[in-house]
Amino acid sequence: MKLLDSLKFGAPWALLVLSIGWICYQNVQIQELQASRHKRELNSNWLPRSDDDSTIFMPIYAQVSKKHIRKVCMEHFHSLKHYRELERKEPTPSPKQSSAVVKELKRKCSAEVSFGQPVLIGERKNSDGCAYLDGGHWHVCELSHGYTMLSFKGNRRLNSSETRAVQFLPYPFDGTDNMVYNNTMYYSENDRLISYNLKSEKSNSIHLRTSLEPLYANSTSRLDVQAEEHGIWVLYRRRDENILSVSRINVHNMQIVSNWTLPSIDTSTMCNAFVRCAILYSVECDGTVTPVYDFYSHTYIQGRKTLWEGLEQPIGNVQYDPNSKSIAIYANAKIYKVPVLQ
């Protein structure tokens, strides 16, 4: 009788304990599953690359000609294998060699240049996007946030939307003022500046603690990455500050080499900016380009102004490419190339 009474009153408590234990176990399993979710998961419409490297997936918003999808798939492995072979052949310069190269470039680099007028290269569907020039290759993003970027070889193929490759990034990019330089993409992701080598698929990063507000007027970018003859430059405002900060980054280890604070330059009234030969140029919303600061002499300057005609808002990005000695512009779904006249 006592045994029956014990079971009668003890069974509900035992079931309660078992239920609590089962709920805790399920919570642990859910947390582990969430922690192991793939980094490429942007939304339910985006599909990551499968474990089988013979399959790649196209983003639903990519503007790619149908006849080139097969070509992209066929070239995927051959180009990847070729890139990795090139990566193994390219020696990494020592710090002493890098310093000597920078000094030689600084000696040859002249700030006394003129800029031509924008030449229309191609058009896209979305007004908010980006276009980066790396030598003879164009890299285009269709939105201001995402995981994918389209690559084109030459102006003609960009104009006809003949995609050479679809690049899948390990982390999403934020904003449009990023950069591709020597087959490496440098881009913003929250508080991080990420470098991702398109050949080796290796990545590195540095935390900058940037402001949560856009850097420029009519922009979604919290920082602006620029490449020029002397290295990688990052323009941004620090968290809870309204002052422009500029950092020069060592491309080999993603560490800051030098810092500048420029309180006299208000980027919130500018539409964009770029760096060439250690000179910072402002780009106003009416297309006026003005040199405003010399980083190596640490002085504000007032040089010759240039008016770029025909640019429409919003201006997605303005990036100087030291390999082709020209400037890439994405403005209201139009991609322009501006020659630098020596």
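Note that the coordinates shown come from a computational prediction; the quantities given were computed from them, not determined experimentally.

Side note on the overall build of the chain
Okay, step 1: Scanning the chain from terminus to terminus reveals four helices and 22 strands.
Okay, step 2: Within the chain, the proportion of its 342 residues that are buried is 46%.
Okay, step 3: Considering only contacts within the chain whose residues lie at least 6 apart along the sequence, 54% involve residues at least 24 apart.
Okay, step 4: Total accessible area on the chain is roughly 18100 Å²; 54% of this is exposed by carbon and sulfur atoms.

Description of the state of the cysteines
Okay, step 1: Under the counting rule described, the total for this entry stands at two disulfides.
Okay, step 2: Across a sulfur-sulfur distance of 1.5 Å, C130 and C141 are joined as a disulfide pair. Here C141 lies in strand β4 (residues 137-141) and C130 lies in strand β3 (residues 130-134), a separation of 11 residues in the sequence.
Okay, step 3: According to the relative accessible area criterion, C130 is buried, its value standing at 0%.
Okay, step 4: Put simply, C271 and C285 are joined by a disulfide, and their sulfur atoms are 1.9 Å apart. Across the S-S bond of C271 and C285 the torsion is about 90°, and the bridge reads as right-handed. Here the residue C271 occupies a position in the loop between β14 (255-262) and β15 (272-276), and C285 occupies one in the loop between β16 (279-283) and β17 (288-294), the gap between them amounting to 14 residues.
Okay, step 5: Judged by relative accessible area, C285 falls into the partly exposed class, the value being 31%.

Description of the pairing of strand β13 (residues 244-250)
Okay, step 1: Here β13 lies mainly inside the structure; six of its seven residues are buried.
Okay, step 2: Inspection of the sheet shows strand β12 (residues 231-237) paired to β13 by six bridges, in the antiparallel sense. In the sheet register, Y236 faces β13, and the bridge partner there is S245.
Okay, step 3: Linkage of β12 to β13, two consecutive antiparallel strands, is achieved through a turn of six residues, within which D240 is found at a positive phi near 65°.
Okay, step 4: With seven bridges connecting them, β13 and β14 associate as antiparallel partners. If you follow S247 over to β14, its bridge partner there is N259.
Okay, step 5: Counting the residues in the hairpin turn of β13 and β14 gives four residues, including M254, whose phi is positive at 55°.

Focus on the nonpolar core
Okay, step 1: By size, the foremost hydrophobic cluster in this structure holds 19 residues, and its most contacted members are F115, F274, W308, V318, I327 and I329.
Okay, step 2: Apart from residues no more than four positions distant in its own chain, V318 is found in contact with D177, Q226, N272, A273, F274, V283, W308, I327, A328 and I329.
Okay, step 3: With 17 residues, the next largest nonpolar core counts L244, L262, V275 and L280 among its residues.

Considerations on the packing of aromatic side chains
Okay, step 1: Scanning the entire structure with this criterion turns up 11 aromatic pairs.
Okay, step 2: Taken together, a centroid distance of 5.6 Å and an interplanar angle of 85° make the contact between F115 and F274 edge-to-face. In this pair, F115 is assigned in strand β1 (residues 114-115) and F274 in strand β15, connecting sequence segments 159 residues apart.
Okay, step 3: Judged by relative accessible area, which is 8%, F115 ranks as buried.
Okay, step 4: When its relative accessible area of 0% is taken as the criterion, F274 is described as buried.
Okay, step 5: Relative to W260, the ring of W233 lies with its centre 5.3 Å away and its plane at 35°, an arrangement referred to as tilted. Highlighted residues: W233 in strand β12 and W260 in strand β14, separated in sequence by 27 residues.

What to know about unusual backbone geometry
Okay, step 1: In this chain, Q313 is followed by P314 through a cis amide linkage whose omega measures -5°.
Okay, step 2: Inspection of the secondary structure assignment puts P314 in the loop between β19 (306-307) and β20 (315-321).
Okay, step 3: One non-glycine residue, H298, lies in the positive phi region at around 55°.
Okay, step 4: Here H298 lies in the loop between β17 and β18 (299-300).

Parameters and conventions
Residues numbered from 1 in each chain as written. Predicted model: local features only at pLDDT ≥ 70, side-chain atom pairs only at ≥ 80, totals over all residues. Heavy atoms only, no water. Helix = DSSP H or I, 4+ residues; strand = E, 2+ residues; numbered from the N terminus. Buried < 20%, exposed > 50% of the residue type's maximum accessible area, 1.4 Å probe, protein only. Contact = heavy atoms within 4.5 Å. Areas by Shrake-Rupley, 256 points an atom, 1.4 Å probe, with all protein chains shown as cover. Disulfide = S-S within 2.5 Å. Pairing = 2+ DSSP bridges. Core = buried A, V, L, I, M, F, W, Y, C linked by side-chain atoms within 4.5 Å. Phe/Tyr/Trp six-rings, centres within 6.5 Å; stacked < 30°, edge-to-face > 60°.

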